Amino acid sequence: MTTRRTRPAPRPPEGTPPRAELARQARTVLADAVRIAHWAAGAPGPGTTAPLAAHALERAATALELSPAQVRAGWDRARLAGLIELHGDTARPGWRLRAWDRDDSAVLRGWVALFDAWSLVHAAPAGIEAGAVAEAVEAVPQVLSLLQLSAGPVTVPALLDLLGQRVAELHEERCEVPLGPGRPATAATAAGATADRLDPAAGTGGTDADLNALLLDWALEGLAAVGALTLGHGHATLTPLGNWAVWVKLEQICVAAQSPAGNIEQSAADMLLGCARLTPGPARDEYRAWLAARTVGSAVAELLAVARGQDALLRGLAFEALRVVGAPAEPEVRAVLAEPSLRPYALLWLAEYEGNDPDDAQDVLSREEATWLWVDTAAAVADHGETGLLVRHLDTAVQGTVPALLDEVRAVGHPRTVQVLVALAAAHPDPALAKAVRRAAFQVHTGGA
């Protein structure tokens, strides 16, 4: 037995409002988005199509007494905050909308999702190459960290200097050589006026400084649009919500740096194998540390790629890790329902995500899906477990008898059926039952009835 030193639960910075107050502020920021989401939930068919059709936009503006621009902005925020979920060409109310008035955690998670998507809320200035925009987005966390550490207003020149330094570091990390005075001045005309407004000295610099000033202006306005900061004359200040969100992100980095089992830099497959013999609590800690070091999109994609592989143990563990991801993984998990090998896992994940008790989640599976999952789990046990576990796995089958189980296992068409039955026959202490299982394995192998 080993003794693990646990990290005490972190406390938010002094002066951070209670969660209830933060949730109230988040509800205020997203008030229009919530109204539009409720309107879409109760609107007839055309009102729920996505993107919001022109005639639906007009109806919403009239019903809610908002301008079309306000409706469009609120619709986008509702989608980004998870208040509306897109299913093909149809938008449906999301689980956060149903929990909005009673669940502060759901509200804060929704606002953080909007905060993470600030660069989508406020369109980047026209005419700037995508690479420059991506660099600015990548540099913004350092800008936010300075604002958080300063615990008050920070002048725009200081923020611009930090942004320029971070962009230069990104160029150096990628071995890019500056082009010097002759660098193409994309959006240089627009940059001049904006740079002068933010920092009068910036207008006297080169095109890199002009471009950085324009991008900083865009980033600050985007973050202000989601309620993360306020803009004054020549300075910016984090709101209580923004301050709390940046602290949460910094804590995630600290958790990642303290990866309990040291798998943070491993691939998803190696990380999951490293967690295979951990108990559920430490395994979840390891999943969180691994996830915190990656973007949500890339982590979910990597986990699903592992789940599509041949190792049934990793398939099950990948969905355990996706449970830690939670809401951001929902669209990708729902998208794999059409894949037979992943469908049972995805159905169980979605059932638990939607609030079903894990003990009752099995009810969402058809008999065939439950049998397929039984074989897949048995394959994981046969590959990585002990023979006694494989024998006890018989008791988890939905079929009441071994003959009924064997009949349905033969019919379900799992690619590992033969290997599972052979392993089960070799492990079972009852000679008669083992003989029946071996016969079933032979019949599957030869294609017999």
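Each value, and the rule that gives it
Residues numbered from 1 in each chain as written. Predicted model: local features only at pLDDT ≥ 70, side-chain atom pairs only at ≥ 80, totals over all residues. Heavy atoms only, no water. Helix = DSSP H or I, 4+ residues; strand = E, 2+ residues; numbered from the N terminus. Buried < 20%, exposed > 50% of the residue type's maximum accessible area, 1.4 Å probe, protein only. Contact = heavy atoms within 4.5 Å. Areas by Shrake-Rupley, 256 points an atom, 1.4 Å probe, with all protein chains shown as cover. Pairing = 2+ DSSP bridges. Axes fitted to C-alpha atoms, helices over the stretch in contact; angles between N-to-C directions. Core = buried A, V, L, I, M, F, W, Y, C linked by side-chain atoms within 4.5 Å. Parallel < 35°, antiparallel > 145°, perpendicular 65-115°, else oblique. Salt bridge = Lys/Arg side-chain N within 4 Å of Asp/Glu carboxyl O. Polar contact = N/O pair within 3.5 Å; in protein donor to acceptor, adjacent residues only side chain to side chain.

*Asks:* Describe in detail the overall build of the chain, supporting the description with residues and values.
*Replies:* When you go through the chain residue by residue, the secondary structure sums to 23 helices and five strands. When each of the 449 residues of the chain is scored for burial, the buried share is 44%. Nonlocal contacts in the chain, meaning residues at least 24 apart in sequence, comprise 64% of its contacts between residues at least 6 apart. Put simply, the chain shows about 22600 Å² of open surface, and 56% of that area lies on carbon and sulfur atoms.

*Asks:* Tell me about the sheet that holds strand E5 (residues 235-238), and name the residues and values.
*Replies:* With antiparallel pairing, the three strands of this open sheet are ordered in space as E3-E5-E4. In this open sheet, the two edge strands, each paired with only one partner strand, are strand E3 (154-155) and strand E4 (229-232). With two bridges connecting them, E3 and E5 associate as antiparallel partners. Among the inter-strand pairings, Val154 is bridged to a residue of E5, identified as Ala236. Packing against the sheet, helix H8 (residues 130-150) makes contact with E3, E4 and E5, and its axis sits at approximately 75° to E5.

*Asks:* Could you give me a rundown of the nonpolar core, with the residues and numbers involved?
*Replies:* Side chains of nonpolar character tend, in soluble globular proteins, to be buried together. Leu83, Trp111, Phe115 and Leu147 are the most contacted members of the largest nonpolar core, which totals 66 residues. Excluding anything up to four places from it in sequence, Leu83 contacts Ala33, Val34, Ala37, Ala78, Arg92, Pro93, Gly94, Arg96, Leu97 and Trp100. One finds Trp95, Leu272, Leu291 and Val437 within the second-largest nonpolar core, a separate group that totals 64 residues.

*Asks:* Explain the packing of helix H16 (residues 312-325) against helix H19 (residues 367-384) to me, using residue names and the numbers behind them.
*Replies:* Interaxial distance between H16 and H19 falls to 7 Å at its minimum, and their mutual angle equals 115°. By the angle between their directions, the pair H16 and H19 is classed as roughly perpendicular. Residues Ala312, Leu313 and Arg315 of H16 form the contact with H19, whose participating residues are Trp372, Asp376, Ala379, Ala380 and His384.

*Asks:* Quick one: what's the story with the pattern of salt bridges, residue by residue and with numbers?
*Replies:* Think of it this way: side chains of opposite charge can pair up when their charged atoms draw near. Counted under the stated rule, the structure contains 15 salt bridges. Note that Glu352 is salt-bridged to Arg323, the shortest N-O span being 3.0 Å. With Glu352 in helix H18 (residues 343-353) and Arg323 in helix H16, this residue pair connects regions lying 29 residues apart in the sequence. Owing to a relative accessible area of 28%, Arg323 belongs among the partly exposed residues under this scheme.

*Asks:* Tell me about the environment of Trp218, and name the residues and values.
*Replies:* Along the chain, the position of Trp218 falls in helix H11 (residues 207-225). Along the primary structure Trp218 and Ala124 are separated by 94 residues, whereas in three dimensions their C-alpha atoms are 6.5 Å apart. Those residues in contact with Trp218 that sit more than four places away from it in its chain are Trp118, Ser119, His122, Ala123, Ala124, Pro125, Val133, Ala136 and Val137. From its side chain, Trp218 meets the backbone oxygen of His122 in a polar contact 2.6 Å long. Within polar-contact distance, the side chain of Trp218 engages the backbone oxygen of Ala123 at 3.2 Å.

This is a description of form; function is not addressed.
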